[in-house]
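Each chain is listed here by its residues.
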Amino acid sequence: MTSQPDSSETYDVVIVGGGIAGLTVAYQLGNENVLLLEKEDICGGRTLSMDMGPYVFNQGAQMIPGGETNVAKLADELGVIRTLIDKTHTSTYMNGKYVTGSSEFKFLLGLPIPLWEKLKMAIGIIRMRSRYSGIVDKSPRSDDRKLQELSEKTLVERLNIRDPDVKAFWDSVAKSSSSLGATEVAAFQPVNTFLHHAADEFFVEGGTVQITRALADKTKASIETGAIVTEVASTDSGTTVQYEKNGALHRVQSKKCVMAVPTPLTLSVLQNLPDNKRAALAQCEYGAMSSAAFLVDRPSEEFFGDGVWRVPVVGMKTIGIGDPTFTFSNAVKREDGRGLIRLFAGDDGSQTLQKMSDDEALDAFENDLFDIFPTARGRVLDRAIKHWPYAACPWRVGRLDIIDDIRASHDNIHYCGDYTENSGLESAVLSANRVVSELAAG
Ligand SMILES: Cc1cc2nc3c(=O)[nH]c(=O)nc-3n(C[C@H](O)[C@H](O)[C@H](O)COP(=O)(O)OP(=O)(O)OC[C@H]3O[C@@H](n4cnc5c(N)ncnc54)[C@H](O)[C@@H]3O)c2cc1C
């Protein structure tokens, strides 16, 4: 294939990647002379959702953090409706036991771990709250002392975890946000996730994809889907971006380029990266995740019990099970009579599942579902699965030391995406806001 410049026009900005980060940059710029290139047939990246019965299966992100977060403000600005997930119970599934409590204290008492460990855990959580609650969903700064503490030790070291069951509990929390277990991940990510679980979280009506759909509808930029970017190079006057679409190669020029894709893809397409930049990006490896949903012939609450939205699962391939119908009105649920249950697996479990056919992987998830809720057996009406090879970018120990290099722009190329902050939608939007400021600064 030979490539020709598409036109003599030079875009002000070309954005590579149409997930929430790239789309937020495109929307915030408010400039018509911007091109966004997305390899899939639809934009959205890890926010994709699908309907199942009257409910929504969020295949990727399933909630947005509330309060004063940038992603919540963005959803409101776009007119996307979000509903508070008004959970009243804390729950987990551990050692074959479904534990649920209307307060953290009752929940801890019910955990199948020794009394001394419960006490240690309670004290650890109180300390964690009082010292670190200010860091939740904030942009990590390399000179922040509290973040340094959380970045220089693993979670097991920071919380001094010894008991294997307690470690298994924290593994489940760690894997849900980072894809790494508690002995590998720096304390920062799981501490952030744990504290954030207790804060306000919102379900997006119609699915998380409504945010990215609204961004794509409202941006003034041109969007090219099915466009796989294969090469990005700096030139004297800006950048050249080459992409493949429908078997043909295209080449466009731009004054600036924004890379809004996971790092392995960035590394594979970027030419002439400065050494420190390449080294920093190479340390941002990704873990995989898989999510599955099961439409069942009775309301989800009959399995989960009252007030339970999300249940970390300890010691199985599945690391979390949740009720996607939680925020739907009782009227909808009564009239429909069915329920939806969502399970997801972290990196090691997902790697195994991705080697199977979809039916085999769904069978494996279904076995976990029946272990957790034996009464679900024989009640599954429909099921769906989605694998994410680049699901989450974990913070290993020392990551804070390279965060400035990870974010740094060079030669008219700028970097956004959740990995440049922490992980999750708020990180992706924070990163987009930073890039918009960089572009405005020239
Ligand atoms: C299972 C799962 C559950 C999650 N749950 C939550 C949650 O509840 N709350 C939360 O806040 N976050 C959650 N997250 C994380 C959240 O989804 C991500 O942090 C966020 O969507 C990342 O957005 P992004 O734009 O940085 O990256 P992405 O969404 O990955 O966007 C990158 C885009 O680039 C495109 N692309 C890749 N290569 C190329 C190429 N060569 N050329 C052109 N385009 C390319 C991709 O197709 C994609 O659309 C979850 C993630 C997963 C996988």
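Position numbers for residues count from 1 along each chain, tracking the sequence in the order it is written. Confidence filtering applies because this is a predicted model: local features only for residues at pLDDT of at least 70, side-chain atom pairs given and counted only at 80 or more, and all residues used for totals across whole chains, interfaces and linings.

1. Let's talk about the overall build of the protein
Inference 1: Scanning the protein from terminus to terminus reveals 17 helices and 19 strands.
Inference 2: By the compact-globule yardstick of 22 Å for 442 residues, the protein fits well, its C-alpha radius of gyration being 22 Å.
Inference 3: Principal-axis analysis of the C-alpha atoms places the extent of the protein at approximately 70 × 50 × 40 Å.
Inference 4: In the protein, buried positions account for 50% of the 442 residues.
Inference 5: The contact rule is simple: place each C-beta atom from the backbone, and if two of them lie within 7 Å, those residues are in contact. In the protein, 72% of the contacts between residues at least 6 apart in sequence involve partners at least 24 apart. Runs of H or I in DSSP of at least four residues are treated as helices and runs of E of at least two as strands, each being numbered from the N terminus. A radius of gyration in this sense is built from C-alpha atoms; the matching globule rule multiplies 2.2 Å by the number of residues raised to 0.38. Exposure criterion: with C-beta atoms placed from backbone coordinates, a residue whose C-beta has 20 or more other C-beta atoms within 10 Å is buried, one with 12 or fewer is exposed, and one in between is partly exposed.

2. Some remarks on helix 9 (residues 209-218)
Inference 1: Across the 10 residues of helix 9, 7 count as buried, placing the element largely inside the fold.
Inference 2: Listed as buried for helix 9 are Val209, Gln210, Ile211, Thr212, Arg213, Leu215 and Ala216.
Inference 3: Structurally, helix 9 contributes buried residues whose contacts are with helix 1 (20-29), strand 3 (49-52), helix 2 (70-78), strand 9 (201-204) and strand 10 (222-224).

3. Side note on the nonpolar core
Inference 1: We define a nonpolar core as a collection of buried residues of the types Ala, Val, Leu, Ile, Met, Phe, Trp, Tyr and Cys that are connected via C-beta atoms lying within 7 Å of each other. By size, the foremost hydrophobic cluster in this structure holds 74 residues, and its most contacted members are Leu155, Trp170, Ile341 and Leu369.
Inference 2: Three or more residues apiece are contributed to this core by two domains, here domain 1 (3-49 + 207-284 + 396-441) and domain 2 (114-202).
Inference 3: The residues touching Trp170, leaving out its near neighbours within four places in the chain, are Leu155, Ile161, Ala182 and Pro190.
Inference 4: In terms of nonpolar packing, the next biggest core, distinct from the first, is built from 56 residues, Ala72, Ala260, Ile413 and Ala432 among them. Where each domain begins and ends is defined by an automated method or by a domain database.

4. Some details on the site of the ligand
Inference 1: Residues in contact with the ligand amount to 38 residues; listed here are only the nearest, Gly17, Gly19, Gly45, Arg46 and Gly424.
Inference 2: Residue classes in the shell around the ligand are distributed as 20 nonpolar, 12 polar and 6 charged. Nearness rests on one distance test: the residue's C-beta atom, set from the backbone, must lie within 6 Å of the molecule or strand. Residues are sorted three ways: Asp, Glu, Lys and Arg are charged, Ala, Val, Leu, Ile, Met, Phe, Trp, Tyr, Cys and Pro are nonpolar, and all the rest, Gly among them, are polar.

5. Brief notes about the domain arrangement of the protein
Inference 1: The assigned domain composition of the protein is domain 1 (3-49 + 207-284 + 396-441) and domain 2 (114-202).
Inference 2: If you average the C-alpha positions of domain 1 and of domain 2, the two centres end up 31 Å apart.
Inference 3: Facing 12 residues of domain 1, the contacting portion of domain 2 comprises 16 residues.
Inference 4: The set of elements that each furnish at least two residues to the side of domain 1 that touches domain 2 consists of helix 16 (403-407) and helix 17 (425-441).
Inference 5: Class assignment for the residues of the side of domain 1 that touches domain 2 results in 4 nonpolar, 3 polar and 5 charged.

6. Some thoughts on the sheet that holds strand 5 (residues 64-65)
Inference 1: Ordered by their spatial adjacency, 3 strands build an open sheet running 5-9-6, and the pairing between neighbours is antiparallel. Both outer strands of the open sheet, strand 5 and strand 6 (82-84), are each paired with one neighbouring strand and no more.
Inference 2: Note that strand 6 and strand 9 share 3 bridges and pair antiparallel. The residue bridging Arg82 from the neighbouring strand is Val204, located in strand 9. Any two strands with at least two DSSP bridges between them are considered paired.

7. Side note on the environment of Thr90
Inference 1: By secondary structure assignment, the location of Thr90 is in strand 7 (residues 90-94).
Inference 2: Taking the C-alpha atoms as reference, Thr90 lies 8.9 Å from Lys106; in sequence the two are 16 residues apart.
Inference 3: In contact with Thr90, other than residues within four places in its own chain, are Gly101, Glu104 and Phe107.

8. Here's the deal with unusual backbone geometry
Inference 1: Positive phi values are uncommon outside glycine, yet Asn160 reaches one of about 55°.
Inference 2: By the element assignment, Asn160 lies in the loop between helix 6 (155-159) and helix 7 (164-178).
Inference 3: On the basis of neighbour count, Asn160 is assigned to the exposed category, with 9 C-beta atoms found within 10 Å.
Inference 4: In this structure, Asn246 takes a positive phi of about 50° despite not being glycine.
Inference 5: Among the structural elements, Asn246 can be located in the loop between strand 12 (239-245) and strand 13 (248-259).
Inference 6: The exposure class of Asn246 is exposed, given the 7 C-beta atoms found within 10 Å.

9. Focus on the sheet that holds strand 17 (residues 339-345)
Inference 1: Here we have 5 strands laid out as an open sheet, ordered 15-16-17-14-18, and antiparallel in their pairing. Each edge of the open sheet carries a strand with a single partner, namely strand 15 (310-312) and strand 18 (380-392). Geometrically, the sheet is characterised by an average inter-axis angle of 20° between neighbouring strands, direction not taken into account.
Inference 2: Pairing of strand 14 (residues 287-296) with strand 17 involves 7 bridges; the strand directions are antiparallel. Pairing of Ala292 across the sheet is with Leu343, part of strand 17.
Inference 3: Inter-axis angles, ranging from 0 to 180 degrees, are taken between N-to-C directions of lines fitted to C-alpha atoms, where helices are fitted over the stretch in contact. This element, helix 14 (residues 347-354), spans strand 14, strand 16 (318-322), strand 17 and strand 18 of the sheet and lies at about 70° to strand 14.

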